[in-house]
Amino acid sequence: MAGTPLKVRWTARRNAVFANPKFQYWAAKLPLIRRIARSRAGTMFDLVVGFSYSQILRAVVDSGLLDVLKHGPLGASEIAGRIDLSDDATLCLLRAARALDLAEEVLEDGWMLGQQGAVLQADEGTQAMIRHHRLLYRDLEAPLELLRKDRSEATELSRFWSYAGALHGAAEAGRETTEYSRLMATSQQFVADQVLAAFRFPARARLLDVGGGHGAFLGHVGRAYPGIELGLFDLPEVVENAREPLASEFGVERLSFHPGNFFRDSIPAGFDLVSLVRILHDHDDGPALDLLRNIRRALDPGKRLMIAEPMARVPGAEAMGEAFFGLYLWAMGSGRARSAEEIRAMLAEAGFSASKTVPTPQPVIASIVVATA
């Protein structure tokens, strides 16, 4: 390894030591590092059997067990009748849920929600995502086969996600936007909370949400900042579905609606701030750069673009960015998770004069990059 960078030599040496059975035995025995060794062993075990955890979670949600346990404590037999399982099957599911803190046996045969279960039961957005992941599970049944196809064939996710599906002839663009937008709206609360906690909007300004679906994100901003005028740009059928609910809450004088396709049509001008919320990572580099250029042409100098989405290589959220979203977007047939540095480089190439990252409380949900025209 002569001439090899120090980091490479150190990493190779570390891996050789960690892989040595004698070191593993010694580490498990030594009191000072026993806790670290056990933690690493637990992490490896979770990686090996994590698929079963996700399926337990799915069964808990699909069966309605969370809503039943909310009214506990209840016995397993009574729960069985409510979720349409046998007594033995119900007890198996309850015990598995207990191990994941989704359920808790507070007294003998008296079951209630666990701490994680209480959080999940109250969160319709996360439950919607768990139900939606049935498509990802099917696509990942043979992960190497999925990767070897190089996105050349339609998948369960690309069929569901009409924009990506249209790329492969699996769906006509816009055909499934209602179901897609409903899923995005139920889960948009997470990202909106992170954005509102981290980014200070102008008290009075004009905001355009590009690809804003049914207006869920705009709704959160509009309620938090009564002085902001709200604009929505999305496909015509999506905008039409959003028009009445937004107008009934905020009034038509505060709103503007802009139907169009952000790859073919110009982004409306005259806005102080444009937001891209969970949009950029849905698209490959070429189309993503085209979108950024389209937005840049619409912004006057000094006006801003805010990008909020899960990003790659974020400390503390690495697995969400490149493991989950990496494979999710691959299966979807379009897009990839990018680091903040990659996004900022694309923004510079698109003609923005400056950009910066804005830390969020929970980067596992979303990170923020703000660019100035």
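Residues numbered from 1 in each chain as written. Predicted model: local features only at pLDDT ≥ 70, side-chain atom pairs only at ≥ 80, totals over all residues. Heavy atoms only, no water.

Undergrad: Let's hear about the pairing of strand β2 (residues 110-113): which residues, and what values?
TA: Here strand β1 (residues 103-107) runs beside β2; their pairing, made up of four bridges, is antiparallel. Within the sheet, the bridge partner assigned to E105 lies in β2 and is W111. A loop of two residues connects β1 with β2, the two strands running antiparallel in sequence, and D109 in this loop sits at a positive phi of about 55°. (Pairing = 2+ DSSP bridges. Helix = DSSP H or I, 4+ residues; strand = E, 2+ residues; numbered from the N terminus.)

Undergrad: Explain the layout of surface pockets to me, using residue names and the numbers behind them.
TA: Approximately 2000 Å³ is the volume attributed to the largest pocket. Every element with two or more residues in the lining of the largest pocket is listed here: α3 (31-63), α7 (115-121), α8 (124-132), α9 (134-139), α13 (177-198) and α17 (318-332). Residues belonging to the lining of the largest pocket are distributed by class as follows: 34 nonpolar, 11 polar and five charged. (1 Å grid on protein atoms, 1.4 Å probe; cavity = no way out; pocket = protein on both sides within 12 Å on 5 of 7 lines; lining within 4 Å. Points joined across faces, edges and corners; volume = space filled by probe spheres on them. Nonpolar A, V, L, I, M, F, W, Y, C, P; charged D, E, K, R; others polar.)

Undergrad: Can you break down the side chain of S367 residue by residue, with the values?
TA: Within the secondary structure, S367 sits in strand β9 (residues 367-372). Of the residues examined, S367 reaches a relative accessible area of 9% and is grouped as buried. Not counting the four nearest positions on each side in its chain, S367 is found in contact with I307, A308, E309, M311, V314 and T360. (Buried < 20%, exposed > 50% of the residue type's maximum accessible area, 1.4 Å probe, protein only. Contact = heavy atoms within 4.5 Å.)

Undergrad: An account of the environment of P361 is needed here, citing residue identities and associated values.
TA: Among the secondary structure elements, P361 is positioned in the loop between β8 (354-358) and β9. For P361 and V195, which are 166 residues apart along the polypeptide, the C-alpha to C-alpha distance reads 9.2 Å. Discounting residues that sit within four places of it in the chain, P361 has contacts with Q194, A197 and A198.

Undergrad: For empty space enclosed by the protein, give the residues involved together with the corresponding values.
TA: In the structure shown here, the tally under the stated rule is one cavity of 30 Å³ or more. Quantified by volume, the largest cavity comes out at close to 60 Å³. Together, 11 residues line the largest cavity, and L146, R151, E153, T155 and W330 are the ones closest to its centre. Per-element tally for the lining of the largest cavity: the top contributor is α17, with three residues. Here the lining of the largest cavity is built from residues that sort into four nonpolar, four polar and three charged.

Undergrad: Run through the side chain of Q127, naming residues and quoting values.
TA: Tracing the sequence through the fold places Q127 in helix α8. Non-local contacts of Q127, meaning those with residues more than four positions away in its chain, are made with V61, L66, L120 and Q121.

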